[in-house]
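Residue-level structural notes
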Amino acid sequence: MKQFIKTGGRHRTLEGWPLVFTLLVTVSILIGGAIEFIPLVLVESNIPKIDTVEPWTPLELAGRDLYIREGCNNCHSQMVRPFRHEIERYGEYSKPGETIYERPFLWGSKRTGPDLARVGGKYPNLWHVRHFDDPRSTSPRSIMPRYNWFLNWDLDYESIPGRLETLQTLGVPYTDQQIASSIDDARTQARGIAMDVEAAGGPASLETKEIVAIVAYMQRLGTDIKKSTASTSVQP
Ligand code: HEC
């Protein structure tokens, strides 16, 4: 063995010192990693911005936090991959620029249920209300659990400014004015959804309940890119 190491030249000698070798390998991997990683963080233009992508409204943000609270991402992904079968089922594939304001991201990797990245506008508000109240009422053999408490639990409006402020600290471009008016804005958007649900024959006075926030969030998902004329449409 010794003979073999000697004849193998300097590299063989290095390999004969396991600790030194491990250290050198670690250092070179770290340097390589840093060279790949640092420009990604520093150069903003690495992520192509999409002009029509804007931060969540206060009500949608509250809905997104309910989505996280309930762990919806354990069953639903929010990323359409650039494969033909995905695009045909869900719509345009997800772009990095669509999730620049996501803290934390909710791309997910588990699809017990369908991908939700483009679910906004797919169903009327009332469909979502019925579906959360009891998924079997809209999708007969669904295995999605009921979230009927969304219709009964009061939405914590008072916590909304704090939610926006936290994201502002993390770099999401909310203005102080938007934070100051966030409760009023959320109530206005909630009233709109509640009135629409009632007009469509659904339950009345939902504007104070959690359901309006989660529905607002669902209806916005993946819609920003549709406002963009420059969006790269998929050529089948
Ligand atoms: C146990 C897994 C599971 C969990 C947890 C779950 N879902 Fe689902 N979801 C499903 C399945 C399965 C379907 C397909 C059948 C149906 O429409 O109910 C579905 C369908 C949906 C749809 C309709 C999608 C479409 O394109 O038709 C929406 C919207 C949705 N879920 C939202 C949610 C939200 C929001 C939560 C959390 C509050 C949640 N789901 C939690 C399994 C789950």
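Residue positions are counted from 1 within each chain, in the order its sequence is given. Owing to the predicted nature of the model, reporting of local features is limited to residues with pLDDT of at least 70; listing and counting of side-chain atom pairs is limited to 80 or more, with chain, interface and lining totals taken over all residues. Hydrogens and waters are ignored; side-chain quantities use all the structure's heavy atoms.

**A look at helix H10 (residues 182-199)**
The following threshold applies: Numbering of helices and strands starts at the N terminus; helices are DSSP runs of H or I of at least 4 residues and strands are runs of E of at least 2. Here the expected length of a helix is defined as 1.5 Å per residue gap, with one fewer gap than residues. Exposed residues in this analysis have more than 50% of their type's maximum accessible area, buried residues have under 20%, and partly exposed residues fall in between, with area computed by a 1.4 Å probe over protein chains only. It is the directions from the helix axis to the C-beta atoms whose arc is reported. We call two residues in contact whenever any of their non-hydrogen atoms come within 4.5 Å of each other.
Helix length check: H10, at 18 residues, gives a terminal C-alpha distance of 26 Å against a target of 26 Å (1.5 Å per residue), a fit within 8%. Along H10, the positions that sit buried rather than exposed are Ser182, Ile183, Ala186, Ala190, Ile193, Ala194 and Val197. One side of H10 carries all its buried residues, which in axial view fall inside an arc of 100°. Exposed residues on H10 whose side chains face more than 90 degrees from its buried face are Asp184, Met195 and Ala199. Summarising the contacts, the buried residues of H10 are in contact with helix H4 (58-69), helix H6 (125-133), helix H8 (160-169), helix H9 (176-180) and helix H11 (210-220). Two residues or fewer past H10, Gly201 is found with a positive phi of approximately 100°.

**Some words on the site of the ligand**
Applicable threshold: The cutoff for a nearby residue is simple: one of its non-hydrogen atoms must lie within 4 Å of the molecule or strand. Polar contact is the term for a pair of N or O atoms within 3.5 Å; when the atoms are in protein, one must be able to donate a hydrogen and the other to accept it, and sequence-neighboring residues count only if both atoms are side-chain atoms. Amino acids are sorted into nonpolar (Ala, Val, Leu, Ile, Met, Phe, Trp, Tyr, Cys and Pro), charged (Asp, Glu, Lys and Arg) and polar (every other residue, Gly among them).
Taken together, 26 residues are adjacent to the ligand, and Cys72, Cys75, His76, Tyr123 and Met144 come closest. For the ligand, an oxygen atom lies 2.4 Å from a polar atom in the side chain of Tyr123. Secondary structure elements with two or more residues in the shell around the ligand: H6 and H11. Per-element tally for the shell around the ligand: the top contributor is H6, with 4 residues. Grouping the constituent residues of the shell around the ligand by class yields 17 nonpolar, 7 polar and 2 charged.

**Observations regarding the packing of H10 against H11**
A pair of packed helices is characterised by two quantities: the angle between their axes and the separation of those axes. Quick reminder of the rule: Think of each axis as a best-fit line through the C-alpha atoms, taken over the contacting stretch in the case of a helix, with angles from 0 to 180 degrees between the N-to-C directions. To sort the angles, those under 35 degrees are grouped as roughly parallel, those over 145 as roughly antiparallel, those from 65 to 115 as roughly perpendicular, and the leftovers as oblique.
It is the contact of H10 with H11, at a shortest axis distance of 9 Å, that shows an interaxial angle of 90°. Here H10 lies roughly perpendicular to H11, going by the angle between them. Residues Gln189, Ala190, Ile193 and Ala194 of H10 form the contact with H11, whose participating residues are Val212, Val215 and Ala216. The class makeup of the residues in the contact of H10 with H11 is 6 nonpolar, 1 polar and no charged.

**Some details on the confidence of the model for the protein**
Condition: As a per-residue quantity, pLDDT reports the predictor's confidence and falls between 0 and 100.
The predicted model of the protein has a mean per-residue pLDDT of 92, with 93% of residues at 70 or higher. Overall, residues 230-236 carries pLDDT values under 50, and its contacts beyond four positions in sequence, including any with other chains, amount to 8 contacts.

**Some points on unusual backbone geometry**
The omega angle of the peptide bond from Arg103 to Pro104 is -5°, so this bond is cis rather than trans. Considering the arrangement of structural elements, one finds Pro104 in the loop between helix H5 (84-90) and H6. Its identity as a non-glycine residue notwithstanding, Ser205 has a phi of 45°, on the positive side. Mapping Ser205 onto the fold places it in the loop between H10 and H11.

**Some words on a nonpolar patch on the surface**
Our working definition: Think of a patch as exposed residues, more than 30% relative accessible area, with no salt bridge, where like charges cluster within 9 Å and nonpolar side chains (Val, Leu, Ile, Met, Phe, Trp, Tyr) cluster within 5 Å. Residue burial considers only the protein chains on display, and all accessible areas are found by Shrake-Rupley using a 1.4 Å probe. Any Lys or Arg side-chain nitrogen found within 4 Å of a carboxyl oxygen on Asp or Glu counts as a salt bridge.
Taken together, the side chains of Phe37, Ile38, Leu40, Val41, Leu42 and Val43 present a nonpolar region at the surface, about 610 Å² in accessible area. If you trace the backbone, Val43 turns up in the loop between helix H3 (18-42) and H4.

**Considering the coordination of the iron atom of the ligand**
Which entries qualify depends on this criterion: Atoms are scored as donors when they are N, O or S and lie within 2.8 Å of the metal, with 3.2 Å used for Na, K and Ca; no water is included, so coordination may look incomplete. In this scheme the shape depends on donor count and angles: four donors with every angle between 85 and 135 degrees give tetrahedral, four or six donors with opposite pairs above 155 degrees and others between 65 and 115 give square planar or octahedral in turn, and any other case is irregular.
The coordination sphere of the iron atom of the ligand, as far as protein atoms go, consists of His76 (NE2) and Met144 (SD), spread over 1.9 to 2.1 Å. Coordination at the iron atom of the ligand is octahedral: its 6 donor atoms span angles of 89 to 179° at the metal. Here His76, found in the loop between H4 and H5, pairs with Met144, found in the loop between helix H7 (135-138) and H8; they are 68 residues apart in sequence, far enough to count as distant.

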